[in-house]
Amino acid sequence: MKILIVNAGSSSLKYQLIDMEREVTMAKGLVERIGIPGGRLKQTRGEHKYELDMHMPDHIEACKQMLQALVHEEHGVLNSMDEIGAVGHRVVHGGEHFTASSLIDEDCLKAIEQNSSFAPLHNPANLMGIRATQMVMKDTPMVAVFDTSFHQSMPPKSFLYGMPMEYYTDLKVRRYGFHGTSHRYVSERAARMLGRDAKDLKIITCHLGNGSSLCAVDGGKSVDTSMGLTPLEGVLMGTRSGNVDPASLQYIMNHLHLDINQMMDVLNKKSGLLGVSGLSSDMRDVEEAAAQGHQRAQIALNLLHNGIKKYIGAYTAVMGGVDAIVFTAGIGENSAELRERVLSNMEYLGVKLDKEKNQVRGKERDVAAADSKVRILVIPTNEELVIARDTLALVQGSK
Ligand code: ADP
């Protein structure tokens, strides 16, 4: 079966068509600037590139253009859109309602809508994408795959905050966690690479990209993760602060006369690598500047490395040990320097990096020293494949 993966944002739509017989990507694309001037579709089929400039007033038009590009005589990969057996949608917030991926029906759509208050930027956009594809692909079964559902296995001691219990019972304020498809994929791959059953392994997965989160995966299940009710909690990120003392906000807001929306904007968009370095949210820029002696860039990197190290220590303690530490996503897969700095002085925990093997980018590799008790793995993530596999399983199961 051929499965289309859709990741809809408020003004963009990313897609990928996967042939599930061989689990290979046939084409992938991006529709940008939906609803604003300068609309554009970009699609790649291997090395072959196709671009189309065209105004897309809404997500429905964007979906139509996506399908036309996929069946395009010269640039496409399909003869007819009927060849698409199912669509898998990435949805950011599944709240407590979704402990796994779900076939999309009216109840599912309602539940996604109800969770919109937790992810006001993402869930409504994801819903627009779902509704638009439903309009243009009326009889094609669709599945929602959530960033949060892998973490629904966390126990209360990990997901509750130390606030009045009514905030949880009445308002559902709790840690949900994100990047679930990625943490799930790389932890399963790690078990494969080690030739072991995931049930017997304690793994710490570090998804480090523009947004970053760590996860403690014990016996194949998420038992703790660093992001919270929203993706702001946890380690320092590209533009997000990660953890701060909540009381510092009152002090800053009083002194700078900021309201809560302005303060949240600073924490989400002007902090992290960007705010500390004063240079860029992009790790490559910050690493380059730090290497040339830029002090604030060096401080930003130290904050990030130290923050990740602390989570690794904490999760090792929580699980009572660790068998493997996995690095994934843009930074985790590519920055040998970050891996080396984060894992320095951890021999006492049985963590010993092989600095030569560590010189790898974007490839699966065990980069631990031969005598390291804990394996250290670089594993490129593949969230689309997880979405496609879940979609296939649900669609086949429903027949
Ligand atoms: P997103 O969270 O948007 O999916 P990615 O997983 O693509 O992001 O990660 C983007 C981050 O990865 C950026 O900070 C980028 O600088 C970083 N990155 C990409 N390549 C490298 C590299 N060679 N060395 C260090 N960082 C890198």
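Residues numbered from 1 in each chain as written. Predicted model: local features only at pLDDT ≥ 70, side-chain atom pairs only at ≥ 80, totals over all residues. Heavy atoms only, no water.

**Details of the sheet that holds strand β12 (residues 324–328)**
Then, in step 1: The strand order β11-β10-β9-β12-β14-β13 describes an open sheet built from six strands, whose pairing is mixed. The open sheet is flanked by β11 (221–225) and β13 (365–366), the only strands paired with a single partner.
Then, in step 2: Helix α11 (residues 295–319) rests against β9 (202–208), β10 (212–218), β11 and β12 of the sheet, and its axis sits at about 15° to β10. (Pairing = 2+ DSSP bridges. Helix = DSSP H or I, 4+ residues; strand = E, 2+ residues; numbered from the N terminus. Contact = heavy atoms within 4.5 Å. Axes fitted to C-alpha atoms, helices over the stretch in contact; angles between N-to-C directions.)

**A closer look at the environment of histidine 75**
Then, in step 1: Position of histidine 75 relative to the elements: it lies in the loop between α1 (59–71) and β6 (84–91).
Then, in step 2: Taking C-alpha positions, histidine 75 is 7.8 Å from histidine 48, a pair spaced 27 residues apart along the chain.
Then, in step 3: Not counting residues up to four positions away in its chain, the partners in contact with histidine 75 are Gln43, Arg45, His48, Tyr50 and Ala69.

**Side note on empty space enclosed by the protein**
Then, in step 1: Scanning the model with the defined rule gives one cavity of 30 Å³ or more in all.
Then, in step 2: Contributing to the lining of the largest cavity are Leu160, Tyr161, Met163, Pro164, Met165, Tyr167, Tyr168 and Val173. (1 Å grid on protein atoms, 1.4 Å probe; cavity = no way out; pocket = protein on both sides within 12 Å on 5 of 7 lines; lining within 4 Å. Points joined across faces, edges and corners; volume = space filled by probe spheres on them.)

**What about the nonpolar core?**
It is characteristic of soluble globular proteins that their nonpolar side chains tend to be buried jointly.
Then, in step 1: Leu214, Ile308, Ile312, Ile325, Phe327, Leu338 and Leu343 are the most contacted members of the largest nonpolar core, which has 38 residues in total.
Then, in step 2: Elements represented by at least two residues in this core include exactly β9, β10, α10 (283–291), α11, β12, α13 (336–342) and β14 (375–378).
Then, in step 3: Membership of the second largest hydrophobic core comes to 37 residues, among which are Leu4, Cys63, Ala111 and Ile112. (Core = buried A, V, L, I, M, F, W, Y, C linked by side-chain atoms within 4.5 Å. Buried < 20%, exposed > 50% of the residue type's maximum accessible area, 1.4 Å probe, protein only.)

**With respect to the site of the ligand**
Then, in step 1: Surveying the vicinity of the ligand reveals 13 residues, the closest of which are Asn210, Asp282, Met283, Gly330 and Arg361.
Then, in step 2: In this structure, an oxygen atom belonging to the ligand sits 2.9 Å away from a side-chain N or O atom of asparagine 210.
Then, in step 3: At a separation of 3.2 Å, an oxygen atom of the ligand approaches a polar backbone atom of arginine 284.
Then, in step 4: Contact with the protein chains removes 70% of the 580 Å² of surface that the ligand exposes when unbound.
Then, in step 5: Secondary-structure elements contributing two or more residues to the shell around the ligand are α10 and α12 (329–334).
Then, in step 6: Of the residues forming the shell around the ligand, the biggest block, four residues, is contributed by α12.
Then, in step 7: Classifying every residue of the shell around the ligand by side-chain character gives three nonpolar, six polar and four charged. (Near = heavy atom within 4 Å. Polar contact = N/O pair within 3.5 Å; in protein donor to acceptor, adjacent residues only side chain to side chain. Areas by Shrake-Rupley, 256 points an atom, 1.4 Å probe, with all protein chains shown as cover. Nonpolar A, V, L, I, M, F, W, Y, C, P; charged D, E, K, R; others polar.)

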